[in-house]
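# Geometric and topological summary
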Amino acid sequence: MPASYGKKNGVWYASPGNQGWGSGAGPGRLGRKPSVTEVDNMPSGSLKPSAGRVIRIINSHDHSVQCRVLLNLRTSQPFEEVLEDLGQVLKMIGAKKMYTSNGQEVRSFSQLRNEFAEVETFYLSNTPSLPVGALGPGVIPPSPGRRSRSRLGGSVPDDLSKTTARQRARSKSRPRVLYAPENELVRASSDYPLLDAMKEEPTRITIRGLRRTFYPPLHHPPIDNAPPDKKLSLFWVHGYRGIDSKRNLWVLPSGELLYYVAAVAVLYDREEDAQRHYTGHTEDIMCMEVHPSRELVGSGQRAGRDRKSQAHVRIWSTESLQTLYVFGMGELDSGVIAVAFSQLNGGSYILAVDAGRESILSVWQWQWGHLLGKVATLQEGIWGATFHPLDDNLLITHGRGHLAFWHRRKDGFFEKTDIIKPPSRTFVTCVQFEPDGDVITADSDGFITIYSVDADGAYFVRMEFEAHNKAISCLVMLSEGTLISGGEKDRKIAAWDSLQNYKRITDIKLPESAGGVRSIYPQRPGRNDGNIYVGTTRNNILEGSLQRRFNQVIFGHGKHLWALAAHPDDEVFATGGHDKYVALWRRQKLIWTTSVGYEIIALAFHPYGAALAAGSSEGHLIVINAENGATMLTIRVCGSPLNAVEFNQVGDMIAIGSQNGSIYLFRVSRDGFSYKKINKIRGSQPLTHLDWSSEGNFLQSVTVDFDLLFWDVKSLSPEKSPIAMKDVKWLTSNSTVGFLVAGLWNNRYYPAPSNTIITTTARTAAQDLVAAGDADGYLRLFRYPCITPRAEFTEAKVYSGTLACVKFLYGNHSLVTVGGTDASLMIWELTEE
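Residues numbered from 1 in each chain as written. Predicted model: local features only at pLDDT ≥ 70, side-chain atom pairs only at ≥ 80, totals over all residues. Heavy atoms only, no water.

To continue, consider the environment of alanine 495. Tracing the chain through its elements places alanine 495 in strand E33 (residues 492-497). C-alpha of alanine 495 to C-alpha of isoleucine 508: the two residues are 13 residues apart in sequence and 9.2 Å apart in space. Contacts of alanine 495, omitting those with residues within four sequence positions, involve Thr482, Leu483, Lys503, Arg504, Ile505, Thr506 and Leu546. (Helix = DSSP H or I, 4+ residues; strand = E, 2+ residues; numbered from the N terminus. Contact = heavy atoms within 4.5 Å.)

With that out of the way, let us pick up the nonpolar core. Judged by nonpolar contacts, the single largest core of 60 residues is most densely connected at Leu258, Tyr259, Met288, Ile541, Leu815, Met826 and Trp828. Setting aside residues no more than four positions away along its own chain, methionine 288 makes contact with Arg247, Trp250, Leu258, Tyr260, Ala265, Val297, Gly298, Ser299, Trp316 and Val339. Ranked by size, the runner-up nonpolar core spans 28 residues in total, among them Ile205, Met725, Ile758 and Phe793. (Core = buried A, V, L, I, M, F, W, Y, C linked by side-chain atoms within 4.5 Å. Buried < 20%, exposed > 50% of the residue type's maximum accessible area, 1.4 Å probe, protein only.)

This part takes up the sheet that holds strand E57 (residues 778-783). Taken in spatial order, the four strands make up an open sheet running E55-E56-E57-E58, and their pairing is antiparallel. Two strands close off the open sheet at either side, each with one partner strand: strand E55 (758-763) and strand E58 (794-797). Averaged over all pairs of adjacent strands, the angle between their axes in this sheet comes to 15°, without regard to strand direction. Pairing between strand E56 (residues 769-774) and E57: five bridges, direction antiparallel. Within E57, the position partnered with alanine 772 by the bridge is arginine 780. (Pairing = 2+ DSSP bridges. Axes fitted to C-alpha atoms, helices over the stretch in contact; angles between N-to-C directions.)

Interpretation of this model should avoid reading the predicted coordinates in detail wherever pLDDT is low. When the pLDDT values of the protein chain are averaged, the result is 84; 85% of them are 70 or greater. In the model, residues 1-50 has pLDDT below 50 throughout and makes 120 contacts with residues more than four positions away in sequence or in other chains. (pLDDT = per-residue confidence, 0-100.)

In this section: the UniProt feature "repeat: WD" (unreviewed entry) in the protein chain. Following the UniProt record, the feature "repeat: WD" (unreviewed entry) maps to residues 465-497 and 554-585 here. End-to-end, the C-alpha atoms of residues 465-497 are 13 Å apart, and along that stretch the chain is 0% helix and 61% strand. Helix makes up 0% of residues 554-585 and strand 53%, whereas the separation of the span's terminal C-alpha atoms amounts to 12 Å. (UniProt positions renumbered as here; feature names shortened; annotations may be inferred.)

It is worth spelling out the environment of isoleucine 663 at this point. Its location among the elements puts isoleucine 663 in strand E49 (residues 663-669). C-alpha separation for the pair isoleucine 663 and leucine 642, spaced 21 residues apart in sequence, amounts to 9.4 Å. In this view, isoleucine 663 contacts Ala655, Ile656, Asn679, Lys680, Ile681, Leu687, Leu690, Leu699 and Trp711; residues no more than four positions away in its chain are not counted.

With that settled, consider the packing of aromatic side chains. In the structure shown here, the tally under the stated rule is 19 aromatic pairs. Ring centres of phenylalanine 341 and tryptophan 366 lie 6.3 Å apart, and the angle between their planes is 80°; this geometry places the pair in the edge-to-face category. With phenylalanine 341 in strand E19 (residues 336-341) and tryptophan 366 in the loop between strand E21 (360-365) and strand E22 (370-376), this residue pair connects regions lying 25 residues apart in the sequence. For the pair formed by phenylalanine 341 and tryptophan 366, the shared burial category is buried. Judged by centre distance (6.3 Å) and plane angle (10°), the ring pair of phenylalanine 573 and tryptophan 585 falls under stacked. Linking phenylalanine 573 in strand E40 (residues 573-577) with tryptophan 585 in strand E41 (residues 581-586), this pair joins segments that are 12 residues apart in sequence. Classification of phenylalanine 573 by relative accessible area gives buried; the value is 0%. A residue is classified by how much of its surface remains accessible, and tryptophan 585, at 2% relative accessible area, is buried. Lysine 246 extends its terminal NZ or CZ atom over the ring of tryptophan 383, reaching a point 5.2 Å from the ring centre. (Phe/Tyr/Trp six-rings, centres within 6.5 Å; stacked < 30°, edge-to-face > 60°. Lys NZ or Arg CZ within 6 Å of the ring centre and 35° of its normal.)

What follows is the structure in structure tokens.
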């Protein structure tokens, strides 16, 4: 398709097709001109001369450089500036003159509309006068004083006029070339049909209401919209969700640990060092409970944006991982904040508390999907709910200023008894029971309270004592009558003898690096060996007892996780998070962790693999020894976050993209351990992703507004012509926008409404597959290149929030994803379809 020239916001654009500005929309208003196809298909004479016209322009110094463009003849831009812009299309600096094929100079739009209305081909020159022979042998430029008054160009020979007319008639069906010199088309690779190369048109996508255009390279693999021949299979989940959840750690009869991360329930066998995963949920799991048989699990999820991801509860088998029952679709609002099974009747009932405004408490006979009753608690800040162990019709809810008993009558209605009278500042964080049914509660002030019932059935405070400094996060009653409490703030685990009026037995304090206590569960339920698992607020799981120190079983980043880098020649990868830790992993094995003192938001391996460069949110570049995690160097680059860090192919330069819009360049030596600042390329828009060109002369970057920018490393300046960069080969595919990944946006197969925002991309070394993550937590695998919105894919939905980064591991058999807020880290295997 020809180029279109027009003025927008005072800047000239050589934009494709016809995104024209100011035609038919009134003075000063944006309007849409007909596309080139519409112009070609109009009946002869129906197109007004002033509406624009298609011409061929040729470089007078090199006739092999030429192309067809669509000129907007209604623009207010000076004609001289239009010539300069046309010269950029022909790779000619400072074009000053335009001539017809017989040497007549064109000085204005008026001449193009009137005098040279039937002339199709024009020559551009960047010299004050056209040299003799520039238009071919025998054509002599006229003197400056001569001007033809003939509409047909005066001295145009008859045979030339006939040739031009034949060319114009034939051009209506001839495929157009976008800015591609015809001599290059003649030399097109035999791998791709010449006709396909000539038909290539720019791609336009809409992101957040703004239209963006990307230009096709002259040669690229043919478009294949079929889904890839690989599928995504979840292999391993690192970490544990303790940062913002509650009771979420169990031990199954098989000895497996059960917990959840994002939308995945993880069953981890420590002895076999193996994981199984339940992936039936479509959004993040908010709560979970194990059935009294310990063979079934009930789990509730938050609500998503489409019908398939409504809030609901799933009952599934821990043995087969099969979903047995699903209920609550359409009944539950924004999410499920608590689930619990009844005890006396073998777990036939299950309760669910909705996260909506009314905090509706519902009871279900889950085997039949029957709703037995529901009530609006109208309580803000409900933290949990449970059945009383001695009465299946008595339910307890607790939370901020709230502890209430709900008795379900046979008619389905509920009678409420407030144990804590409102208003109250007490935040009841957890509930346990004594064997005789007395209620034990813990609160955010660090107190444990025991409630008994009198002869009239009224509850009263039997005992209250301070157990921890500030919030208590969990209570566990062991079989021998020992109560274990865990402190979220003081990081202490304490044991109390319930048979001796809750006398303190002992306590132990977790190290600061582990975080506070989130959840506790006995390692061997029913045994009195005192060994427990502890889930912490920094997303770790520890094992030990109050008589010995605790060891780390599972490491997870404790805060937002954004940074990820894959090793260049080994199945090793590194992660960095807001918890100021950098970790190195080999698939499911943690190799080392190191605290670097800064929040890490970007990572990159040196091409030799010995050094790891990390960018911080405070503008520091930290260089780490990848062998042992030692910090080798810390450089203050600027005062803004360093969002992207990338080495060039040979490893002698590093580019750092900053939130302030500039790119900082450093010379690198000693295998990635020595850095010297060269300069910076100034920009204005915050940058999120970077790619080096294969030869190392250019960079491309993506801004927070999804603009694709190009940078010349040698001249230290932005490259303002995207057309000139269309054939550059890029070393990586971190940039989320561009012609070869345009099919990731506005894809017709995405869930409606299709306003998907692509947040991360990665390409295989073989350049046959591309992985993309979006702001809704989808991971998708496409064939590469992915050019059209009809491209099919395979996908997995395991996050509710943003999928922050994706990378293929060495060998391209696996890929790694990190989620942002819950610090989830997952490894996926690519298996045959």
